[in-house]
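# Geometric and topological summary
Here is how the chains run, residue by residue.
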Amino acid sequence: MSFTDMFVPCVILLILFYGILTKTDIFEVFVEGAAQGLKTTADILPALICLMTCIGMFKAAGGIDLLGSLVKPVTDIFGFPSEAASLIFIRPLSGSGALAFYEDIIAQYGPDSFIGRVASTMMGSSETTFYTLAVYFGAVRIKNTRYALLPALSADLTCWIAAAAAVRLMF
Amino acid sequence: MKVFFFIIVLFSVILGTANGSMDKVSQAALTECTAAVTLAVSLCGTICFWSGIMNIAERSGLTAKLSALVSPLLGKLFSGIDRSGRAMNYIVLNLVSNLLGLANAATPLGIKAMEELKAEENAEESATDNMIIFTVMNTASLQLFPATVAAIRANNGSGAPLEILPCVWIVSVAALATALIVAKLLAALYRRKRMRKGVRT
């Protein structure tokens with residue numbers, strides 16, 4: 001029994017326990033939250049249909065293999081698998097697009113392969129950078145974002161390089 | 001996004017013609033849309049379950065409690081704003097919500113935090129250093145449990161869907177640290193530039 005096997009059940013138990021302790025109606029509140037989850041799924045579906053179809057066509061045409069071989073000289077320097085390079089381009093731009101690419105990588109190479117693990121780590125530890133910047137600064141009508149883009153992109157770059165290194169180290 | 005949509009289809013048609021794989025491209029156009037629905041349905045359970053659990057965390061006050069715990073630590077990152085003010089309060093709530101994967105709650109809280117920062121620092125059209133630090137922390141994504149990733153791994157027959165958690169945590173922290181260091185360095189650089197300009201004029 002490993003630590004990661006303990007993690008999820010214990011987190012669930014802890015949250016329920018705190019709910020009971022504070023006399024929250026845990027069942028009612030759970031159901032309400034789950035209904036919100038249904039809405040989230042419905043919200044991402046239209047974009048997912050568009051992007052998965054585009055990416056499926058692009059892949060069938062040989063586009064993803066071409067992209068991978070184009071960036072291979074650069075990704076090889078960092079020990080990053082060029083098969084997962086498509087994720088680097090789409091991740092900062094679109095959450096649904098990244099999900100579509102990610103699912104494709106996992107289905108093709110398997111979740112427990114080196115490529116699958118690197119892609120999983122990347123997906124779990126990065127955000128839709130450009131979208132987040134646009135929403136937050138746009139919402140408060142900030143037109144001049146000054147130096148905000150550089151640190152945000154440096155986080156993404158670190159994420160790609162560190163993902164490959166961390167997977168090599170841990171497995 | 002509209003440019004991306006067009007370009008990727010355009011390249012698919014060009015490459016498909018060049019490689020003689022138009023039959024596969026055509027098939028993908030007809031079947032991948034169904035695959036998208038299948039994917040959304042297979043993720044729906046996980047998304048709903050975690051939304052439910054995290055709704056309990058929020059309503060029972062667990063999120064607020066955790067926020068109070070990390071607040072002093074986060075206060076050090078933001079200079080010149082009221083530690084117990086409204087902006088700081090929203091900042092902490094947003095970051096804790098992100099950490100727990102409460103995306104639905106995090107975005108409105110984040111926008112509130114930006115509004116309060118704008119008011120407290122009298123910003124107009126230019127972003128302040130604190131606004132940038134806060135937004136950058138949001139783009140770096142520190143998340144304890146990436147439920148979607150775990151669900152896709154499990155659906156594809158992973159022997160241990162959660163074995164990547166330690167990797168995800170290490171990489172997230174590394175990315176966040178890089179972002180903060182770069183942001184702080186740039187803030188210092190900009191401050192010096194402005195001071196030099198001030199001396200000249």
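Computed from a predicted model, the values in this text were never measured in an experiment.

### Some details on the interface of chain B and chain A
Listed by partner, the interface residues are 84 residues for chain B and 82 residues for chain A. Secondary-structure elements contributing two or more residues to the side of chain B that touches chain A are helix H1 (2-19), helix H2 (22-59), helix H5 (103-120), helix H6 (129-139), helix H7 (147-155) and helix H8 (165-200) of chain B. A total of 25 residues in the side of chain B that touches chain A trace back to one element, the largest contributor, which is H2 of chain B.

### Points about the packing of helix H4 (residues 86-99) of chain B against H5 of chain B
All names here are of chain B. Across the interface, H4 lies against H5 with an axial gap of 8 Å and an inter-helix angle of 155 degrees. One way to sum up the angle between H4 and H5 is to call them roughly antiparallel. Read as a crossing pair, H4 and H5 show a hand that is left-handed. Two secondary-structure elements touch here, H4 through Arg-86, Ala-87, Tyr-90, Ile-91, Leu-93, Asn-94, Ser-97 and Asn-98 and H5 through Ala-105, Ala-106, Leu-109, Gly-110, Lys-112, Ala-113, Glu-116, Leu-117 and Glu-120.

### Description of the environment of Phe-130 of chain A
All names here are of chain A. Relative to the helices and strands, Phe-130 resides in helix H7 (residues 129-139). Sequence separation between Phe-130 and Ala-152 is 22 residues; the distance between their C-alpha atoms is 8.7 Å. Setting aside chain neighbours within four positions, we find Phe-130 in contact with Pro-92 and Leu-93.

### Digging into the packing of helix H2 (residues 26-60) of chain A against H2 of chain B
Closest axis-to-axis distance for the H2 of chain A/H2 of chain B pair is 5 Å, and the angle between their directions is 155 degrees. Between H2 of chain A and H2 of chain B, the interaxial angle falls into the category roughly antiparallel. In this structure, H2 of chain A meets H2 of chain B at a crossing whose hand is right-handed. Here the contact of H2 of chain A with H2 of chain B is composed, by residue class, of 30 nonpolar, 11 polar and four charged.

### Examining the nonpolar core
Counting 99 residues, the largest nonpolar core has Leu-87, Tyr-102, Ala-119 and Ala-163 of chain A as the members making the most contacts within it. The element that contributes the greatest number of residues to this core is H2 of chain B, accounting for 13 residues. Discounting residues that sit within four places of it in the chain, Ala-119 of chain A has contacts with Ala-84, Leu-87, Tyr-102, Ile-105 and Ile-106 of chain A.

### Details of H6 of chain B
Structural remark: α-helix, 3.6 residues per turn; residues separated by three or four positions point the same way. Among the 11 residues of H6 of chain B, 11 are classified as buried, and the element is accordingly described as predominantly covered. Count one or two residues on from H6 of chain B and you reach Ser-141 of chain B, which has phi positive near 50 degrees.

### Points about the confidence of the model for chain B
If pLDDT is low for a region, its predicted coordinates should not be looked at in detail. Residue and element names in this part refer to chain B. With 98% of its residues at a pLDDT of 70 or more, chain B has an overall mean of 89. Across chain B, element-level confidence peaks in H6 with a mean pLDDT of 95 and bottoms out in helix H3 (residues 62-75) with 87. Interface scoring of the predicted complex returns ipTM 0.88; its pTM is 0.88.

### So, H3 of chain B
Here H3 of chain B spans 20 Å end to end across 14 residues, near enough to the 20 Å set by a 1.5 Å rise per residue. Its axis deflected by about 40 degrees at Leu-69 of chain B, H3 of chain B carries its strongest bend there, up to four residues before the proline Pro-72 of chain B. Every buried residue of H3 of chain B is accounted for by Leu-62, Thr-63 and Ser-67 of chain B. Tucked into the core, H3 of chain B has its buried residues touching helix H1 (3-21) of chain A together with H2 and H4 of chain B.

What counts, and at which threshold
Residues numbered from 1 in each chain as written. Chains lettered and ligands numbered in written order. Predicted model: local features only at pLDDT ≥ 70, side-chain atom pairs only at ≥ 80, totals over all residues. Contact = placed C-beta atoms within 7 Å. Helix = DSSP H or I, 4+ residues; strand = E, 2+ residues; numbered from the N terminus. Axes fitted to C-alpha atoms, helices over the stretch in contact; angles between N-to-C directions. Parallel < 35°, antiparallel > 145°, perpendicular 65-115°, else oblique. Left-handed = near helix turned anticlockwise from the far one by under 90°. Nonpolar A, V, L, I, M, F, W, Y, C, P; charged D, E, K, R; others polar. Core = buried A, V, L, I, M, F, W, Y, C linked by C-beta atoms within 7 Å. Buried ≥ 20, exposed ≤ 12 C-beta atoms within 10 Å, placed from the backbone. pLDDT = per-residue confidence, 0-100. Expected span 1.5 Å × (residues − 1). Bend = angle between axes of the 7 residues up to and from the residue.

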